[in-house]
Amino acid sequence: MTILDVLFWVYALAAAGGAIAVVLTHNVVRMAFWLIVSLGSTAGLFFLLNADFVGTAQLLVYVGGTLVLLIFGVMLTASGPFINMRTNPGEGVLAGVIAVSLLAAIASSVCRVDWEDVSQRTAGPRGFNPQQELAERYYPPQSGSTSRAIGAALLGVRVDRDLGTARTNLSPGYLLPFEIASVHLLVVLVGAAYLARAKRRVNDRRDSEEPTGTQR
Amino acid sequence: MQAVGLNTYLFIGAILFVAGIVCMATKRNGIGVLMGVELVLNGANLNFVAFSRYTPLGLDGQVISLFVIVLAAAEAAVALAIALNFYNNHLTIDVDRADDLRG
């Protein structure tokens with residue numbers, strides 16, 4: 001058992017335990033804390049999967065941005081009775097039964113698939129060797145960086161697939177989804193600012209509509 | 001104890017997914033429902049990155065998980081604005097009270 005295995009089990013237990021604690025606790029502030037634990041441990045799992053850029057983005061965007069936004073929401077709405085809101089015990093038992101059966105269904109269907117065989121069949125004519133993939137195709141472990149290949153893929157150039165091959169047709173990149181996501185973010189920011197703006201009261205509107213000639 | 005492989009990562013992702021589903025279904029706090037959505041998206045992300053490591057999916061899985069992260073941030077911003085608007089109008093965050101459109 002290497003140090004990577006130990007790290008995997010630590011992060012996996014923290015991620016799964018944090019997620020279960022989010023479900024089980026009733027205090028919304030503690031739910032936010034356990035969500036931070038779960039998402040941060042998932043970033044650690046990303047690092048263990050050689051996905052350094054995705055792990056960094058998870059830490060920066062999710063833990064640093066989205067969760068801070070959620071905690072602002074908790075602070076703005078958690079007043080008095082809304083900090084602890086409990087469901088019926090009967091509903092909790094029903095949800096537990098459904099959760100266990102759903103987890104059993106997913107786990108059994110995952111275990112039934114032979115992923116090695118699927119990888120070999122979907123790899124194409126070259127075949128698939130994970131170590132060779134890591135060493136040759138992209139992110140050589142000694143440099144330990146996927147950010148250059150991911151940035152080139154977002155610009156539409158697949159250096160991880162096309163570099164060093166003799167083919168004349170290039171692999172498709174992600175330029176159009178990247179642009180769509182950027183426009184989508186702009187629209188979302190405008191929409192969120194519009195939805196969350198401070199409402200003007202009726203008196204204010206009447207005051208502003210009077211032609212008094214005062215400076216706005 | 002079996003060696004760490006694709007199945008263990010998929011199992012962790014399944015736990016995150018199921019926890020998020022239960023959180024969405026049982027929480028009465030609107031912010032709690034949003035946290036359930038984040039858990040579900042995170043479980044899907046873990047599956048994508050695990051497939052990109054252990055199958056020929058390659059870098060595509062990591063790019064898709066980046067898109068999921070970005071869209072989850074956008075979704076959280078809009079949903080939080082809606083939740084704050086609901087709180088301003090109804091003075092509660094209980095999603096069971098949001099029955100204005102009930103016929």
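Residues numbered from 1 in each chain as written. Chains lettered and ligands numbered in written order. Predicted model: local features only at pLDDT ≥ 70, side-chain atom pairs only at ≥ 80, totals over all residues.

(A) Representation of the overall build of chain B within the structure. Counting its secondary structure elements, chain B contains 3 helices and 0 strands. The secondary structure elements of chain B, listed N-terminal to C-terminal, are α-α-α. In terms of principal-axis extent, the alpha carbons of chain B reach across some 50 × 30 × 20 Å. Within chain B, the proportion of its 103 residues that are buried is 57%. Considering only intrachain contacts with a sequence separation of at least 6, the fraction spanning at least 24 residues in chain B is 50%. (Helix = DSSP H or I, 4+ residues; strand = E, 2+ residues; numbered from the N terminus. Buried ≥ 20, exposed ≤ 12 C-beta atoms within 10 Å, placed from the backbone. Contact = placed C-beta atoms within 7 Å.)

(B) Structural view of the overall build of chain A. Check the secondary structure of chain A and you find 10 helices and 0 strands. Expressed as a percentage of the 216 residues in chain A, the buried residues total 23%. Of the contacts made within chain A by residues no fewer than 6 positions apart, 43% connect residues no fewer than 24 positions apart.

(C) Looking closely at the domain arrangement of chain A. Residues and elements named next belong to chain A. Domain parsing of chain A yields domain 1 (1-79) and domain 2 (139-197). Taking only C-alpha atoms, the centre of domain 1 and the centre of domain 2 are 24 Å apart. Listed by partner, the interface residues are 4 residues for domain 1 and 6 residues for domain 2. Its residues placed into classes, the side of domain 1 that touches domain 2 shows 2 nonpolar, 1 polar and 1 charged. (Domains from an automatic or database assignment. Nonpolar A, V, L, I, M, F, W, Y, C, P; charged D, E, K, R; others polar.)

(D) Quick peek at helix H2 (residues 30-54) of chain B. Taking 1.5 Å per residue as the helical rise, H2 of chain B with its 25 residues ought to reach 36 Å, and the 37 Å between its terminal C-alpha atoms agrees with that figure. In terms of burial, H2 of chain B is largely enclosed, as 21 of its 25 residues are buried. (Expected span 1.5 Å × (residues − 1).)

(E) Quick peek at unusual backbone geometry. Residue and element names in this part refer to chain A. Backbone geometry places Asn50, a non-glycine residue, at a positive phi of 65°. Here Asn50 shows up in the loop between helix H2 (28-48) and helix H3 (52-77). Using a count of 18 C-beta atoms within 10 Å as the deciding quantity, one classes Asn50 as partly exposed.

(F) A look at helix H4 (residues 89-112) of chain A. Helix length check: H4 of chain A (24 residues) gives 35 Å between terminal C-alpha atoms against 34 Å at 1.5 Å per residue, within 8%. Counting buried positions along H4 of chain A gives 1 out of 24 residues, so the element sits mostly on the surface.

(G) How the structure looks around the environment of Val54 of chain A. Relative to the helices and strands, Val54 of chain A is located in helix H3. C-beta crowding within 10 Å serves as the criterion here: with 28 such atoms nearby, Val54 of chain A is assigned to the buried category. The sequence separation of Val54 of chain A and Ala16 of chain A amounts to 38 residues, and the corresponding C-alpha distance is 19 Å. Excluding residues that lie within four positions of it along the chain, Val54 of chain A makes contacts with Phe46 of chain A together with Val49, Gln62, Ser65 and Leu66 of chain B.

(H) Up close: the packing of H3 of chain A against H2 of chain B. Running from amino to carboxyl end, H3 of chain A crosses H2 of chain B at an angle of 170°, the nearest separation of the two axes being 11 Å. In terms of orientation, H3 of chain A lies roughly antiparallel with respect to H2 of chain B. Taken together, the residues of H2 of chain B that come into contact with H3 of chain A (itself represented by Val54, Thr66, Leu70, Gly73, Val74 and Thr77 of chain A) are Ile31, Leu34, Met35, Glu38 and Val49 of chain B. (Axes fitted to C-alpha atoms, helices over the stretch in contact; angles between N-to-C directions. Parallel < 35°, antiparallel > 145°, perpendicular 65-115°, else oblique.)

(I) Local environment of the interface of chain A and chain B. Counting from both sides, the interface comprises 71 residues of chain A and, opposite them, 60 residues of chain B. Looking at the side of chain A that touches chain B, the elements that each hand over two or more residues are helix H1 (3-24), H2, H3, H4, helix H5 (115-122), helix H6 (130-137), helix H7 (147-154) and helix H9 (175-195) of chain A. The element best represented in the side of chain A that touches chain B is H3 of chain A, accounting for 13 residues. In the side of chain A that touches chain B, the residues fall into 51 nonpolar, 15 polar and 5 charged.

(J) Up close: the nonpolar core. With 71 residues, the main nonpolar core has Val22 and Leu70 of chain A together with Leu16, Ala19, Met35, Ala50 and Leu80 of chain B as its most contacted residues. Residue assignment for this core shows that the elements contributing at least two residues are H1, H2, H3 and H7 of chain A together with helix H1 (6-26), H2 and helix H3 (59-90) of chain B. When residues of this core are assigned to domains, at least three map to each of domain 1 (1-79) and domain 2 (139-197) of chain A. Each residue touching Val22 of chain A, except ones within four places of it in the same chain, is listed here: Met31, Trp34, Leu35 and Ser38 of chain A together with Ala19, Cys23, Met35 and Leu39 of chain B. (Core = buried A, V, L, I, M, F, W, Y, C linked by C-beta atoms within 7 Å.)

(K) Examining the environment of Val157 of chain A more closely. All names here are of chain A. Tracing the backbone through its elements, the reader meets Val157 in the loop between H7 and helix H8 (159-162). Between the C-alpha atoms of Val157 and Gly173, which are 16 residues apart in sequence, the distance is 5.7 Å. Ignoring anything within four residues of it in the chain, the contact list for Val157 reads Ala152 and Gly173.

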